[in-house]
Structure formats: structure tokens, C-alpha cells
Protein chains: 2
Amino acid sequence: MATRTSRTPRRTEALSRERIVEAAVALLDAEGESGLTFRTLTERLATGPGAIYWHVANKGELLAAATDSVIADVLAIEHDEPSDTPQDEIRTLALGLFDAIADHPWLSAQLAVQLSGSPWGSVTPRIFESFGQRVAALGVPEATWFTAASALMHYVFGAAGQNAANARALEPGVDRAEFLHAAATVWEELDPGEYPFMKSIADQVREHDDREQFLTGVDLILTGITASNRA
Amino acid sequence: MATRTSRTPRRTEALSRERIVEAAVALLDAEGESGLTFRTLTERLATGPGAIYWHVANKGELLAAATDSVIADVLAIEHDEPSDTPQDEIRTLALGLFDAIADHPWLSAQLAVQLSGSPWGSVTPRIFESFGQRVAALGVPEATWFTAASALMHYVFGAAGQNAANARALEPGVDRAEFLHAAATVWEELDPGEYPFMKSIADQVREHDDREQFLTGVDLILTGITASNRA
DNA sequence: ACCTGAACACCGTTCAAGT
DNA sequence: ACCTGAACACCGTTCAAGT
């Protein structure tokens, strides 16, 4: 055992932007968006707010850096299976983002914020570029690339965001099947005059798999891209 | 002129949930999401925080009610042109939501939050139902309705959200063409090794029309729905 | 039943002062 | 150059007290 028994353990490593961002991601993952405050962060890092402001301009920049660090890992996945078609690569990329947002639900709101900026933040251009390169490889006319890549990216963010929101709404202790079952049952009990559609798909909701349905949606858009634009 | 010249004008109408929501929407529209606080709201309504809490449970409920009141108007648009195809109706609905989010940029983040809840809030089911009914009318197999309606809704929210974010990023005084021109120029100057796609579409970005491109994306998804599922 | 307004706990951020 | 920690302005929310 160590001889020092100090209750408030002194920091061993020096503070750095990297260590701060790392701690921020850990807090966001563990406690959600509201769990990251300068109080909790200074406590976790055994320092004061001034120290953090030395490395980071403000909370917005900290959130942007946290987003960046998580997304960078997703974009770094290797795509070098030689037999991969552009379609396969788009599916892999889309699913990687979907899973990342599921693992880090706070990413969803953050990516939406990130889409602003003048002209953009630094993550979204890289995501857009990744989709865009693979859309170009599909062989559709160049005039359609912009719209096609945008549609893909918007769908991915929208679907992943909803999935993250659902996960967040799931109170700890309730499992997913139970949650979906309850949701579907509510839908079945809706007024059939006002909600005929929701009633008719209640069964599908009860049984669907999120990732599988997400990929079906990606395929639907890929079909739309190639079907409406034979090069 | 009135004889009363009181500096802090006394409320004439009684407070009501409706009047509070109305004031909240006005503040959100005028000042953005950060412009709505209980201080600004009490000031505008010439009352105290306690009075608002009598009519509304908390800020979340207030934001939900504000969202509801704006979206209700969009969903109330008449679709009774007898010659309208389901496709036309879907385009009208999508564009209505797109324009509403452009007019009230705070809607975008709020709709994302609204998507959570157990099972859902009260706006999103109505939007989902509206898309769903029209997807069903396309004549594709029932097994595909859920995925198709989800894809449409996610695309609309994603695209509209980005458009709202762009509008917000636009500093007052700078006009849109100028903004897009600047963005495209930045893209053109990116490293061609890392960003070949963004460089290649810079021209399209400079000239595109947001609403038109949005509708092209809707058509792309409609094509995907019908092409991959001949009933 | 409806409203008042002081008070509470908490937030992001600043800054003079230390090493 | 890097860090400390008290202080500031502001936030959502509560609640005893009034009418």
C-alpha cells in the first residue's frame, strides 16, 4: 500500500486538452448531456474551472472536440476488403455511424449543432466527404452527387438520432422488447379513424430490429439513387 | 391618448396556458432557443415565475406545447385537390414541414427531443401517421410501409434541421448567396487529396436552391420506395 | 383558483493571484 | 506557461404568502 492516504487524490498526469476531452466523453457516456458540467469535470480531473479554460475556450468547443474524437474513430474503419462494392462501403459507414450514436446518444444532438457553423464544423465535412466519394463510385451522373450524398447523410442522422432518443427514453431496468411491446400496444389502442396507419403497423413495430430496419432504409435510398439516375 | 401612463403596463387579459405558449413561440422566433427564459417570459407577460408554473409544469412541457402549436398548423393544410397523387401529397407535406422549420429554426432541435418520450410525444405520431397514410396509398406491400414512412420522416427532419442550422449560422446582414459562395470557396480550397468530393461539388453548392434540392431528395426516396417494391 | 416575488441550488465564465 | 479558487451574472424551480 502507498503511504499517502490523501482523500482528494492529487492529479498525477499534467492536464492537457486531450485528457480533458477524454474525461468529457466519459462523463457524457455515463451521465448523458446534462451530466457534463464544469463542476463535475473539475471534480473528476481534480482541478479548478480556470485550468480547463486554459486548454479549452468554452463549453461549445469542448463538446465539439468530444464529438470529433468519437467520430474520428468511426471514419477510420478500414474499407479495404477488395470485393467491397460502393454500396457495401456505404452500408458499413452508415451502420458505423448508427452504432456510434447508439453507444453515445449525446452525439445525436451534437452532430445537429455541428452542422451549423460557417460554413461547417470539422466533423460533418469529413462524414459528407466519405459518403460523397462512395456515391460518386456508384456511377451516377455528377449532377446528382450533391443531392444523393445529402439524402444519405440526412437519413443516417435522422434515423440514428431517433434511435438514440428511444434508447434514452428507455428507463433503466425496462428492456427493449418490453418497451416496444408497450409502444405498439398504445398504438393499437389509438382511434382508428385518426390513426389507421399506426394501428396497421403496430405488429411490425413490435418485432422489428433497429439495425436491420435502418439498413433496409439505406438500401431504399441507394435504390432511389441508382434507379432515378442511370448514368 | 389614454389617461393612464403606467410604465409597467398591467396585464389586461388573464393569464392562460394558451397565452403563455403564444408568448413562448414569439420569443423563440425572435431570439432563438436561448431567448426563451422564465425571466424574459415573465417580463413579456408582466407576471412572476410562479404564475407560469401554475399553468405549465416545467420548461420542457412549455417547449413541447410550443412545438405542438406550430406543427398543428402545418398538418392542418388541406390536401383536397382532387387530382393530387399520393406523391404530390407527400411532397406538399414534406415541404410544409421544411418551410415551418425554416421559419422557426428552434423547431428542429425540439422535434428531435420530441421523438423520445415513452413511447413518443404527441406531435411526431401525427407526422408519422400523415406520411404513413400516403405511403400506404402508393400501393407498395404493407410489409414495407413502416420502413418507407420512417425513411421519409427521417430524411425530412434531417434535411430541414440542417437547413435551419445553416439559416441560424447566417449572420444577420450577410445574405444567403454570399454565404454559399464563401462556403463553396472554402471547399474549393480544401486539400484535393483528402476532399476530392467536396471540391467537385463546390459549384453545385454555390448555385443550388434549398427547397428545390430538398424536393429532389424527397423524389429520390419516393423512387426508392416504389422501385424496390412493385406491389 | 390563481397569482406574487423572494429565495434556492446550480450553471458557464472570468480574473486577480499564485507557482 | 500553467493552474488556483473565489466571485459574478444568470438559469429553472419552489413555496409561503396573498387575493
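Computed from a predicted structure; not experimentally measured.

Peer 1: Go over the interface of chain B and chain A with me, naming the residues and quoting the values.
Peer 2: The partner chain A presents 56 residues to the 56 residues of chain B that form the contact. Roughly 4,700 Å² of surface becomes buried between chain B and chain A when both sides are summed, with 69% attributable to carbon and sulfur atoms. Of all residues in chain B, B:Phe146, B:Phe197 and B:Leu220 give up the largest surface area on contact with chain A, accounting jointly for 16% of the area buried on that side. Viewed at the interface, chain A and chain B are joined by zero salt bridges. At the boundary of chain B with chain A, the tally comes to 10 residue pairs in polar contact (both at pLDDT 80 or more). The leading source of residues in the side of chain B that touches chain A is helix α8 (residues 145–169) of chain B, at 16 residues. Across the side of chain B that touches chain A, the residue classes tally to 31 nonpolar, 20 polar and five charged.

Peer 1: Give me the UniProt feature "domain: HTH tetR-type" (unreviewed entry) in chain A: which residues, what numbers.
Peer 2: Here, UniProt's "domain: HTH tetR-type" (unreviewed entry) annotation points to residues 14–74 of chain A. From the first C-alpha to the last, residues 14–74 of chain A spans 28 Å; its make-up is 75% helix and 0% strand.

Peer 1: How would you summarise the environment of A:Ala51 if you had to cite specific residues and measurements?
Peer 2: Counting through the fold element by element, A:Ala51 comes out in helix α3 (residues 49–55). Along the chain, A:Ala51 and A:Ala136 lie 85 residues apart, while their C-alpha atoms are 46 Å from each other.

Peer 1: Report on the packing of helix α5 (residues 86–103) of chain A against helix α7 (residues 123–136) of chain A, specifying residues and quantitative values.
Peer 2: Residues and elements named next belong to chain A. Contact geometry of α5 with α7 gives a least axis separation of 9 Å together with a crossing angle of 160°. By the angle between their directions, the pair α5 and α7 is classed as roughly antiparallel. Taken as a pair, α5 and α7 cross one another with a handedness that is left-handed. Only Ile127, Ser130, Phe131, Arg134 and Val135 of α7 make contact with α5, whose side of the interface consists of Pro86, Glu89, Ile90, Leu93, Ala94 and Leu97. A breakdown of the residues in the contact of α5 with α7 according to their chemical character gives eight nonpolar, one polar and two charged.

Peer 1: Before we move on, can you summarise the protein's contact with DNA strand C with the specific residues and values?
Peer 2: Close contacts around DNA strand C come from 19 residues, with A:Arg39, A:Tyr53, A:Lys59, B:Thr47 and B:His55 the closest. At a separation of 2.5 Å, a phosphate oxygen of DNA strand C approaches a polar side-chain atom of A:Lys59. One of the backbone nitrogen or oxygen atoms of B:Leu15 is found 3.3 Å away from a phosphate oxygen of DNA strand C. Breaking the surface near DNA strand C down by element, the ones donating at least two residues are α2 (38–45) and α3 of chain A together with α3 (49–55) of chain B.

Peer 1: Go over the UniProt feature "DNA-binding region" (unreviewed entry) in chain A with me, naming the residues and quoting the values.
Peer 2: In the numbering used here, UniProt assigns the "DNA-binding region" (unreviewed entry) feature to residues 37–56 of chain A. Counting secondary structure, residues 37–56 of chain A comes out at 75% helix and 0% strand; the distance between its end C-alpha atoms is 14 Å.

Peer 1: Outline the pattern of salt bridges, listing residues and values.
Peer 2: Two side chains bearing opposite charge may form a pair once their charged atoms approach each other closely. Residues and elements named next belong to chain B. The final tally for this structure, using the stated rule, is 16 salt bridges over all chains. Of the charged contacts, one joins Arg126 and Asp68 as a salt bridge, the two residues approaching to 3.7 Å between their closest N and O atoms. Linking Arg126 in helix α7 (residues 123–136) with Asp68 in helix α4 (residues 59–75), this pair joins segments that are 58 residues apart in sequence. The class of Arg126 is partly exposed, set by a relative accessible area of 24%. One salt bridge connects Glu188 with Arg206, and the closest N-O pair in it is separated by 2.7 Å. Residue Glu188 is found in helix α9 (residues 176–188), and its partner Arg206 is found in helix α11 (residues 202–207); the two are separated by 18 residues along the sequence.

Peer 1: Outline the relation of the copies chain B and chain A, supporting the account with residue identities and numerical values.
Peer 2: Copy one and copy two of the chain differ by a rotation about an axis and a translation along that axis. When chain B is fitted to chain A, the residual RMSD is 0.0 Å, and the transformation amounts to a turn of 180° plus an axial shift of 0.0 Å. Accordingly, the operation relating the two chain copies is best matched by a two-fold axis. Among all residues of chain B, the one whose C-alpha sits closest to the rotation axis is B:Gly224, at a distance of 1.8 Å. Here 100% of the interface residues in chain B have copies in chain A that are interface residues too; the copies meet face to matching face.

Peer 1: Please set out the protein's contact with DNA strand D residue by residue, giving values where relevant.
Peer 2: With respect to spatial proximity, 19 residues lie near DNA strand D, and among them A:Thr47, A:His55, B:Arg39, B:Tyr53 and B:Lys59 are the closest. By atom count, sugar and phosphate contribute 51% of the portion of DNA strand D lying within 4 Å of the protein. In the environment of DNA strand D, a phosphate oxygen lies 3.4 Å from a nitrogen or oxygen atom belonging to the backbone of A:Gly48. A:Gly50 places a main-chain nitrogen or oxygen 3.1 Å from a base oxygen of DNA strand D. Among the elements of the structure, α3 of chain A together with α2 (38–45) and α3 of chain B are those that each provide at least two residues to the surface near DNA strand D. With five residues, α3(A) is the single largest residue contributor to the surface near DNA strand D. Of the residues in the surface near DNA strand D, the class split is eight nonpolar, seven polar and four charged.

About the criteria used
Residues numbered from 1 in each chain as written. Chains lettered and ligands numbered in written order. Predicted model: local features only at pLDDT ≥ 70, side-chain atom pairs only at ≥ 80, totals over all residues. Heavy atoms only, no water. Contact = heavy atoms within 4.5 Å. Buried area = accessible area lost by both parts, 1.4 Å probe. Salt bridge = Lys/Arg side-chain N within 4 Å of Asp/Glu carboxyl O. Polar contact = N/O pair within 3.5 Å; in protein donor to acceptor, adjacent residues only side chain to side chain. Helix = DSSP H or I, 4+ residues; strand = E, 2+ residues; numbered from the N terminus. Nonpolar A, V, L, I, M, F, W, Y, C, P; charged D, E, K, R; others polar. UniProt positions renumbered as here; feature names shortened; annotations may be inferred. Axes fitted to C-alpha atoms, helices over the stretch in contact; angles between N-to-C directions. Parallel < 35°, antiparallel > 145°, perpendicular 65-115°, else oblique. Left-handed = near helix turned anticlockwise from the far one by under 90°. Near = heavy atom within 4 Å. Buried < 20%, exposed > 50% of the residue type's maximum accessible area, 1.4 Å probe, protein only. Least-squares fit on C-alpha atoms with pLDDT ≥ 70 in both.

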